[in-house]
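Inside the fold
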Amino acid sequence: MTTPAPEHSHGYSHDRARYSSRLKRIEGQVRGVQRMIEEDQYCIDILTQISAITSALENVGLSLLDEHLKHCVVGAVNNGDVDAKVEEAMKAIKRMVKS
């Protein structure tokens, strides 16, 4: 039994393996921080790793936002549905800026 093709592809679909790989690396970093805490490592070293994780997640988020703007918003412009997509993108940007 085969899975039907999705009706809509997302902007990141062509790079899904790269995103997955980046997120697995971040997951490994989080596990490393957990291990550092369990091993009673130096606070500043742990904070440095947390900063690196935060930066890595922000970069993934910015890449996904870039893909969304280039793919989904441009597609909405071509289909005449731009207002809803721009509003959706702005809400996502606001959430990212707050965090």
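Use the structure listed above.
Residues numbered from 1 in each chain as written. Predicted model: local features only at pLDDT ≥ 70, side-chain atom pairs only at ≥ 80, totals over all residues. Heavy atoms only, no water.

**Looking at the layout of surface pockets**
Note the following rule: Here a cavity is any set of points on a 1 Å grid over the protein atoms alone where a 1.4 Å probe fits but cannot get out, and a pocket is any open set with protein on both sides within 12 Å along at least 5 of 7 lines; a residue lines the site when it has an atom within 4 Å of a point. Grid points are joined across faces, edges and corners, and a volume is the space filled by probe spheres set on the points. A run of H or I in DSSP counts as a helix once it spans at least four residues, and a run of E counts as a strand once it spans at least two, with each numbered from the N terminus. Residue type decides the class: Asp, Glu, Lys and Arg count as charged, Ala, Val, Leu, Ile, Met, Phe, Trp, Tyr, Cys and Pro as nonpolar, and the leftover types, Gly among them, as polar.
The computed volume of the largest pocket comes to approximately 180 Å³. Every residue lining the largest pocket is counted, eleven residues in all, and those nearest its centre are G61, L64, L65, H68 and A92. Of the residues forming the lining of the largest pocket, the biggest block, six residues, is contributed by helix α2 (residues 43-79). For the lining of the largest pocket, the class distribution of residues is six nonpolar, four polar and one charged.

**Some details on the packing of helix α1 (residues 16-38) against α2**
Put simply, the rule is: All axes here are fitted lines through C-alpha atoms, helices being fitted over the stretch that makes contact, and every angle between N-to-C directions spans 0 to 180 degrees. In these notes the angle categories are as follows: under 35 degrees is roughly parallel, over 145 is roughly antiparallel, 65 to 115 is roughly perpendicular, and the rest is oblique. Each crossing is labelled by how the near helix is turned from the far one, with a counterclockwise turn of less than a right angle marking it left-handed and a clockwise turn marking it right-handed.
Their axes nearest at 10 Å, the elements α1 and α2 cross at an angle of 160°. As judged from the angle between their axes, α1 and α2 are roughly antiparallel. The chirality of how α1 crosses α2 is left-handed. Considered class by class, the residues forming the contact of α1 with α2 number 15 nonpolar, four polar and three charged.

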